[in-house]
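# Structural overview
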Amino acid sequence: CFQLYGYCYQDSNDIPDTLTTITELGSPLEMIQLLQTSWEDRFRICLSLVRLLHYLAHSPLGSVTLLDFRPRQFVIVDGELKVTDLDDASIEESSCTSNSDCFMEFPARNFTLPCSVEGRCQSMNEKRNLYNAYRFFFTYLLPHSAPSSLRPLLDKIVNATGNHNKHGNAKYLLFQCNCFLSPSPSVSSEFTQKCVKSANTHKSDSFYRRVPEAFIPDENYRCWPSYHHKGCLLSVFDVNEAIEICDSYSQCKAFVLTNQTTWTGRQLVFFKMASNHIVPDPDKITYVKVTD
């Protein structure tokens with residue numbers, strides 16, 4: 001949620017009991033602009049939304065739902081999504097006597113949740129938040145131009161929120177999103193390997209010669225999306241994914257692994273259309289496609 005820096009009450013002749021709040025400054029959410037950003041920037045926004053969904057589902061007040069869950073209720077602060085308006089938040093789970101009382105209606109589809117023995121619709125607040133996140137955010141921001149190696153995981157996230165299957169809960173989403181991040185001291189690389197399957201199953205018809213401590217300064221071509229406006233600079237999980245990407249571009253004849261990573265831990269790679277001029281560089285590794 002928005003960072004609250006301060007607030008004060010004051011009485012005026014026109015409006016009694018006026019509350020003034022001072023909060024951090026955020027940028028309005030423009031979906032068209034977001035679709036033009038890199039996939040990892042959009043994933044960062046979705047990850048912050050998943051963390052919010054998890055907090056709302058397990059808040060100290062109980063499960064909280066945002067009744068007015070629309071993009072205009074959110075802003076971007078330092079690349080992350082934050083909710084600004086909690087006027088329509090509710091902690092009341094709908095009461096019921098049968099499953100038919102737990103009917104949720106949306107423009108595209110409807111759901112019926114089970115009625116618990118306590119006479120409450122099970123997880124209705126959480127499910128409502130999840131589906132709204134799916135229809136307003138995930139369905140647009142996650143699949144668009146995502147790395148092919150990550151699409152199976154993205155499909156799990158989108159299906160869990162859009163279909164309300166057995167994994168349709170905030171805890172499962174948070175686990176899956178954390179799989180995209182590189183291992184920290186508290187998360188083993190084995191855990192990450194189990195979560196993120198790179199393009200290891202990709203069978204390349206080409207052979208690539210590894211040239212350590214080498215770089216190709218020129219021979220650039222443009223691709224989209226790219227982290228470099230004059231070349232093709234993309235992020236990969238490992239060398240196998242870089243090979244798959246290079247094989248997918250007819251003009252790609254080599255690629256260069258840098259020692260730079262994105263905020264998710266994926267390695268940045270330059271893709272080149274030739275390898276005529278290779279120079280020494282201790283921080284890079286070049287792979288050259290060998291042709292018959």
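Residues numbered from 1 in each chain as written. Predicted model: local features only at pLDDT ≥ 70, side-chain atom pairs only at ≥ 80, totals over all residues. Heavy atoms only, no water.

As named in an unreviewed UniProt entry, the chain is PKDCC kinase, taken from Mystacornis crossleyi.

### Some thoughts on the packing of helix α2 (residues 39-57) against helix α5 (residues 170-178)
The geometry of α2 relative to α5 is characterised by a closest axis approach of 9 Å and an angle of 150° between their N-to-C directions. Compared by their axis directions, α2 and α5 come out roughly antiparallel. Relative to α5, α2 is oriented so that their crossing is left-handed. Contact with α2, carried on its side by F43, L47, V50, R51, L53, H54 and A57, involves A170, K171, L173, L174, C177 and N178 of α5 and no other residues of that element. Of the residues in the contact of α2 with α5, the class split is nine nonpolar, two polar and two charged. (Axes fitted to C-alpha atoms, helices over the stretch in contact; angles between N-to-C directions. Helix = DSSP H or I, 4+ residues; strand = E, 2+ residues; numbered from the N terminus. Parallel < 35°, antiparallel > 145°, perpendicular 65-115°, else oblique. Left-handed = near helix turned anticlockwise from the far one by under 90°. Contact = heavy atoms within 4.5 Å. Nonpolar A, V, L, I, M, F, W, Y, C, P; charged D, E, K, R; others polar.)

### Looking at the sheet that holds strand β14 (residues 279-290)
Ordered by their spatial adjacency, five strands build an open sheet running β10-β14-β12-β13-β11, and the pairing between neighbours is antiparallel. One side of each edge strand has no neighbouring strand; the edge strands of this open sheet are β10 (207-215) and β11 (232-236). Strand-to-strand, the axes of this sheet are offset by a mean angle of 30°, without reference to chain direction. The pairing of strand β12 (residues 254-261) with β14 spans four bridges and is antiparallel. Directly across from A254, in β14, lies its bridge partner V288. Where helix α7 (residues 239-248) meets the sheet, it contacts β10, β11, β12, β13 (267-272) and β14, and its direction lies at approximately 135° from that of β12. (Pairing = 2+ DSSP bridges.)

### Details of the pairing of strand β5 (residues 74-77)
Burial of the side chains of β5 extends over both faces: F74 and I76 are buried on one face and V75 and V77 on the other. Relative to β5, strand β3 (residues 27-28) runs antiparallel, the two being bridged by two bridges. When the sheet's bridge partners are listed, S27 is paired in β5 with I76. Where β5 folds back on strand β6 (residues 80-83), the antiparallel hairpin that results is connected by two residues, among which D78 adopts a positive phi of roughly 50°. (Buried < 20%, exposed > 50% of the residue type's maximum accessible area, 1.4 Å probe, protein only.)

### A word on the sheet that holds β3
What the three strands build is an open sheet, ordered β3-β5-β6; its pairing is antiparallel. Each end of this open sheet is capped by a strand with a single partner; those strands are β3 and β6. Pairing of β5 with β6 involves four bridges; the strand directions are antiparallel. Bridge pairing in β6 places F74 opposite V83. This element, α2, spans β5 and β6 of the sheet and lies at about 40° to β6.

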